[in-house]
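The chain contents come next:
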Amino acid sequence: MEIWKPIKGYEGLYEISNYGRVKSLARTWVTGHNSIVRSKDESILAPKKDRGYLRVGLLKNGKRKLLSIHRLVAEHFIPNPLNKPEVNHRDGNKENNHFSNLEWVTPAENTQHAESLRLRKHRKGSECHNAKLTEEQVLEIRNLYSSGKFTQEELAKRFNVYPTAIQKIVNRKNWKHLA
């Protein structure tokens, strides 16, 4: 059964349902500059897609705010006793905002879930957004260090990285996927 609740901060203006629908409530108001009475019937809002997520624009006191539907559903229908900060779509479908498909998660849990459903590829090596080195450079670092001719500090200067990065590379804590 679809259940509607007033959206916090927008009471009397908008409601969210446990099915992930948002409606604008019927209302009457007087325009400020010429005192004309206006009215609006109740209506279901058409969400907009933003990076795969469905969002709606809510208007209050002349200010429009774009809100994520999945977050609204979670905040209004799903308990969060552990105060987890993110909302996950269990089935991986960002458009399925039914309350039964949503859960509160930590950022790590969200990432792990996305990787398990193959929604997000686990990036390794130079594919990583913050990689400073290439695979070739890492192999060269390992070869140079194993030759005994260079210290980790010397290699760090040569490759313009911190000594701890070199330490993790030669001890195979980082770049484990390389032989």
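Residues numbered from 1 in each chain as written. Predicted model: local features only at pLDDT ≥ 70, side-chain atom pairs only at ≥ 80, totals over all residues. Heavy atoms only, no water.

A. Structural context of the packing of helix α4 (residues 152-159) against helix α5 (residues 163-170). With their axes 8 Å apart at the nearest point, α4 and α5 run at an angle of 110° to one another. Here α4 lies roughly perpendicular to α5, going by the angle between them. Read as a crossing pair, α4 and α5 show a hand that is right-handed. Judged by residue contacts, Gln152, Leu155 and Ala156 of α4 engage Pro163, Ile166, Gln167 and Val170 from α5. (Axes fitted to C-alpha atoms, helices over the stretch in contact; angles between N-to-C directions. Helix = DSSP H or I, 4+ residues; strand = E, 2+ residues; numbered from the N terminus. Parallel < 35°, antiparallel > 145°, perpendicular 65-115°, else oblique. Left-handed = near helix turned anticlockwise from the far one by under 90°. Contact = heavy atoms within 4.5 Å.)

B. View of a nonpolar patch on the surface. Together, Met1, Ile3 and Tyr19 line one region of the surface with nonpolar side chains, adding up to about 350 Å² of accessible area. On the secondary structure map, Met1 appears in the segment before β1 (4-6). Judged by relative accessible area, Met1 falls into the exposed class, the value being 80%. (Patch = residues over 30% accessible without salt bridge, like charges linked within 9 Å, V, L, I, M, F, W, Y side chains within 5 Å. Areas by Shrake-Rupley, 256 points an atom, 1.4 Å probe, with all protein chains shown as cover. Salt bridge = Lys/Arg side-chain N within 4 Å of Asp/Glu carboxyl O. Buried < 20%, exposed > 50% of the residue type's maximum accessible area, 1.4 Å probe, protein only.)

C. Expanded view of the sheet that holds strand β3 (residues 22-24). Pairing is antiparallel in the open sheet, where four strands are placed in the order β1-β2-β3-β6. Of all the strands in the sheet, just β1 and β6 (43-44) have a single pairing partner and so form its edges. Relative to strand β2 (residues 14-17), β1 is paired through three bridges, and the arrangement is antiparallel. Bridging from a neighbouring strand, Pro6 pairs with Glu15 of β2. (Pairing = 2+ DSSP bridges.)

D. Geometry of the environment of Lys124. Here Lys124 lies in the loop between α2 (107-116) and α3 (135-146). For Lys124, a relative accessible area of 45% translates into the label partly exposed. Between the C-alpha atoms of Lys124 and Lys94, which are 30 residues apart in sequence, the distance is 25 Å. In this structure Lys124 touches Glu135 and His177, once residues within four positions along its chain are discounted.

E. Local environment of the packing of α3 against α5. Packing of α3 against α5 leaves a shortest axis separation of 10 Å and a crossing angle of 85°. The angle between α3 and α5 places the two elements in the roughly perpendicular class. Facing Val138, Ile141, Arg142 and Tyr145 of α3, the residues of α5 in contact are Ile166, Ile169 and Val170. Here the residues of the contact of α3 with α5 sort into six nonpolar, no polar and one charged. (Nonpolar A, V, L, I, M, F, W, Y, C, P; charged D, E, K, R; others polar.)

F. Spatial organisation of α2. Looking at α2, one finds that the buried residues are Asn110, His113 and Ala114. Along the axis of α2, the buried residues cluster in a sector spanning 100°; they form a single face. Every exposed residue of α2 that faces more than 90 degrees away from the buried side is listed here: Ala108, Gln112 and Ser116. Of the surrounding secondary structure, the elements contacted by the buried residues of α2 are β10 (86-89) and β11 (102-105). Looking at the residues trailing α2, positive phi occurs at Arg118, about 60°. (Arc of directions from axis to C-beta.)

G. Spatial organisation of the side chain of Asn88. Topologically, Asn88 is positioned in strand β10. Within polar-contact distance, the side chain of Asn88 engages the side chain of His113 at 3.1 Å. With near-sequence residues (within four places) excluded, Asn88 lies in contact with Asn101, Leu102, Glu103, Val105, Asn110 and His113. (Polar contact = N/O pair within 3.5 Å; in protein donor to acceptor, adjacent residues only side chain to side chain.)

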